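This is what each chain is made of:
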Amino acid sequence: MNKKIILASGSPRREELLKGLDIPFEVILKKNISEYYPENIAAESVPEYIAQEKAAAYKDDIKENEIILTADTVVICNGKILGKPADQNEARKMLQALSNRTHSVTTGVCLTTTSRQIHFHDTTLVTFRDLSLNEIDYYIEHYHPMDKAGAYGIQEWIGYIGCTKLEGDYYNVMGLPVCRVYEELKKF
């Protein structure tokens, strides 16, 4: 690839996933980028909107040979967005809401150069079995899900013991639909 990839994300999971593509990249993170979104847009459109807003924060810094990759992931349960929990109590409530039902995980991605921008989103359906309060508390205590949308990481213990069905891209649930990102990067 003749372009330099800049991952504009502080997510260690996104960094790990992008490394898996064996494409060199650099992480550059700006602080205090707003993740505000208008209340009138559909929940499934929120992460793509936020990814574009994040990209806008980098527009004055992009060099001719660079591609800025921004992303955002949300968990949607019964039409409601579950972001990152503020504390253990909120994490517990989120996991209880996800217990014994199917929810969606949508990641929005934006690839931006000085002359072009591609944005898209990918959605995966995740079904959890009935999780006991003891299992939820164990997960919260041992895995600290405060930096994860919906208060869980599918690649962690709760995913091992709780996920009974997954429809779509597993890596999307971790925070980056890497196959689609790879395909879109090839177009550059």
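Residues numbered from 1 in each chain as written. Predicted model: local features only at pLDDT ≥ 70, side-chain atom pairs only at ≥ 80, totals over all residues. Heavy atoms only, no water.

1. Comments concerning the overall build of the protein
Okay, so step 1: In terms of helices and strands, the protein carries 7 helices and 7 strands.
Okay, so step 2: Against the compact-globule benchmark of 16 Å for 188 residues, the protein has a radius of gyration of 17 Å, which places it among compact chains.
Okay, so step 3: The C-alpha extent of the protein, read off along each of the three principal axes, is 50 × 35 × 25 Å.
Okay, so step 4: Taking all 188 residues of the protein together, 47% fall into the buried category.
Okay, so step 5: Taken as two groups, the 22 positive and 27 negative side-chain charges of the protein have centres that lie 2 Å from each other. (Helix = DSSP H or I, 4+ residues; strand = E, 2+ residues; numbered from the N terminus. Rg over C-alpha atoms; globule rule 2.2 N^0.38 Å. Buried < 20%, exposed > 50% of the residue type's maximum accessible area, 1.4 Å probe, protein only. Lys, Arg positive; Asp, Glu negative; His and termini not counted. Charge placed at Lys NZ, Arg CZ, Asp CG, Glu CD.)

2. A closer look at unusual backbone geometry
Phi is mostly negative for residues that are not glycine, and the peptide bonds are mostly trans.
Okay, so step 1: A positive phi angle is found at Asp22, which is not glycine, with a value near 55 degrees.
Okay, so step 2: Take Asp22: it is sitting in the loop between helix H1 (12-19) and strand S2 (25-27).
Okay, so step 3: The phi torsion at Asn100 lies on the positive side, around 60 degrees, for a residue other than glycine.
Okay, so step 4: Checked against the element boundaries, Asn100 lands in the loop between helix H3 (88-98) and strand S5 (102-112).

3. Topic: the nonpolar core
Nonpolar side chains in soluble globular proteins generally cluster together in the buried interior.
Okay, so step 1: Among the nonpolar cores identified, the biggest contains 38 residues, and Leu69, Leu95, Leu98, Val109, Tyr152 and Leu176 are the most heavily contacted of them.
Okay, so step 2: With residues up to four places along the chain from it excluded, the contact list for Tyr152 reads Val75, Leu95, Leu98, His103, Val105, Val126, Phe128, Tyr139, Pro145, Ile158 and Val173. (Core = buried A, V, L, I, M, F, W, Y, C linked by side-chain atoms within 4.5 Å. Contact = heavy atoms within 4.5 Å.)

4. Looking at H3
Okay, so step 1: Along H3, the positions that sit buried rather than exposed are Ala91, Met94, Leu95 and Leu98. Buried residues along H3 cover an arc of 95 degrees about the axis, so they all sit on one side.
Okay, so step 2: Among the structural elements, strand S3 (66-77), strand S4 (80-82), S5, strand S6 (117-128) and helix H4 (133-143) are those in contact with the buried residues of H3.
Okay, so step 3: Near the N-terminus of H3, the side chain that reaches the backbone nitrogen of Asn89, with its oxygen 3.2 Å away, is that of Asp87. (Arc of directions from axis to C-beta. Polar contact = N/O pair within 3.5 Å; in protein donor to acceptor, adjacent residues only side chain to side chain.)

5. Things to note about the pattern of salt bridges
Okay, so step 1: Scanning all chains against the criterion turns up 14 salt bridges.
Okay, so step 2: Where Glu167 meets Lys165, a salt bridge forms, and the shortest distance between an N and an O atom there is 3.5 Å.
Okay, so step 3: Taken together, the shared-partner salt bridges in this structure form one network comprising Arg13, Asp147, Lys148 and Glu156. (Salt bridge = Lys/Arg side-chain N within 4 Å of Asp/Glu carboxyl O.)

6. Overview of the packing of H3 against H4
Okay, so step 1: Between H3 and H4, the least distance of the axes is 10 Å, while the angle of their chain directions is 135 degrees. Viewed along their axes, H3 and H4 adopt a mutual orientation that is oblique. Once H3 is placed against H4, the crossing between them reads as right-handed. Facing H3, whose interface residues are Gln88, Ala91, Arg92, Leu95 and Gln96, H4 presents Leu133, Ile136, Asp137, Tyr139 and Ile140. (Axes fitted to C-alpha atoms, helices over the stretch in contact; angles between N-to-C directions. Parallel < 35°, antiparallel > 145°, perpendicular 65-115°, else oblique. Left-handed = near helix turned anticlockwise from the far one by under 90°.)

7. Some remarks on the state of the cysteines
Think of a disulfide as a covalent bridge from one cysteine sulfur atom to another cysteine sulfur atom.
Okay, so step 1: Under the defined criterion, the tally for this structure stands at 0 disulfides.
Okay, so step 2: Unpaired in terms of disulfides, Cys77 finds its nearest cysteine sulfur in Cys163, a separation of 14 Å.
Okay, so step 3: Overall, the relative accessible area of 6% leaves Cys77 in the buried class.
Okay, so step 4: In this structure Cys163 comes out as partly exposed when scored by relative accessible area, which is 24%. (Disulfide = S-S within 2.5 Å.)

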